[in-house]
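Descriptive analysis of the structure
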Amino acid sequence: MSARRPTPHAGWSQSAQFRSVARVAIRAYNATRHTLPKCEAVRRTDGGLCQQIAMGNGRCYLHGGRTPKGKDWHKPQPGATATKTQRKLKDIERAAKKRAKRLDAMTLDERKRYEDWRKTHRPGPRATERAKRAQAREARERLAEMDRPAPQTAEAQALAAVIETLRHQAQQLKAAQDTATTNLTDGIFG
Ligand SMILES: [Zn+2]
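Conventions and cut-offs
Residues numbered from 1 in each chain as written. Predicted model: local features only at pLDDT ≥ 70, side-chain atom pairs only at ≥ 80, totals over all residues. Helix = DSSP H or I, 4+ residues; strand = E, 2+ residues; numbered from the N terminus. Buried ≥ 20, exposed ≤ 12 C-beta atoms within 10 Å, placed from the backbone. pLDDT = per-residue confidence, 0-100. Contact = placed C-beta atoms within 7 Å. Expected span 1.5 Å × (residues − 1).

Scanning the chain from terminus to terminus reveals 5 helices and 0 strands. Walking the chain from its N terminus toward its C terminus, one meets helices and strands in the order α-α-α-α-α. Here the chain holds 190 residues, and the buried ones make up 1% of them.

So this is what it looks like as structure tokens:
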């Protein structure tokens, strides 16, 4: 990661020191203003040249902004994507190299401790990890709750007993019917 500039203290932008720094900077800028390249887009009002201070692409912020030329004209282009992405990739690469160097320099014992630490510490913010664990815990609890049989009320138990009796009676009836049918066939063909 590239080093970040330290954040100035609160109220810094209102301080006398900030004002003096800002004054020097704006004076220096104003002194060179006339030498900076100008936008040469044609003005719609009178056909003259735009003359605003140009950005890196030779046009001002009005004429050379985020909308590219050609077939991609309708696609919004986030500012300076390529350079930003490249910088991030470079940062990642640099960090990886640094890590590899540190790992190479480790003794076997240190290396083992590092590997053990990695097993218990996944990359990413701790808060995310904590939230994930909490979610998993809640899911487990809910599943356990679903598996647990519901406590039976006296009414439900009574109903279950009635159902059991009826089922028993139905079985008896069916058996009786079967016997009757068998007797009947025996009667005809036996
Ligand atoms: Zn312009």
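Looking at the chain as a whole, the pLDDT averages 84, with 84% of positions reaching at least 70. Taking the mean pLDDT of every element in the chain, the minimum, 84, falls on helix α5 (residues 154-189) and the maximum, 94, on helix α1 (residues 16-32).

This brings us to unusual backbone geometry. A positive phi angle, close to 70 degrees, is found at Q51, a residue other than glycine. Mapping Q51 onto the fold places it in the loop between α1 and α2 (81-105).

Let's shift gears to the environment of M55. In this fold, M55 is placed in the loop between α1 and α2. As a C-alpha pair, M55 and P37 span 18 residues in sequence and 8.3 Å in three-dimensional space. M55 has contacts with C60, Y61 and G64, leaving out every residue within four places of it along the chain.

Quick look at helix α3 (residues 108-120) now. Between its terminal C-alpha atoms α3 stretches 19 Å, which fits the 18 Å expected from 13 residues at 1.5 Å a residue. Burial runs low along α3: only 0 of the 13 residues are buried.

Looking at the secondary structure, you find L36 in the loop between α1 and α2. The exposed category is assigned to L36, around which 10 C-beta atoms lie within 10 Å. Separated by 19 residues in the primary sequence, L36 and M55 have C-alpha atoms spaced 9.6 Å apart.

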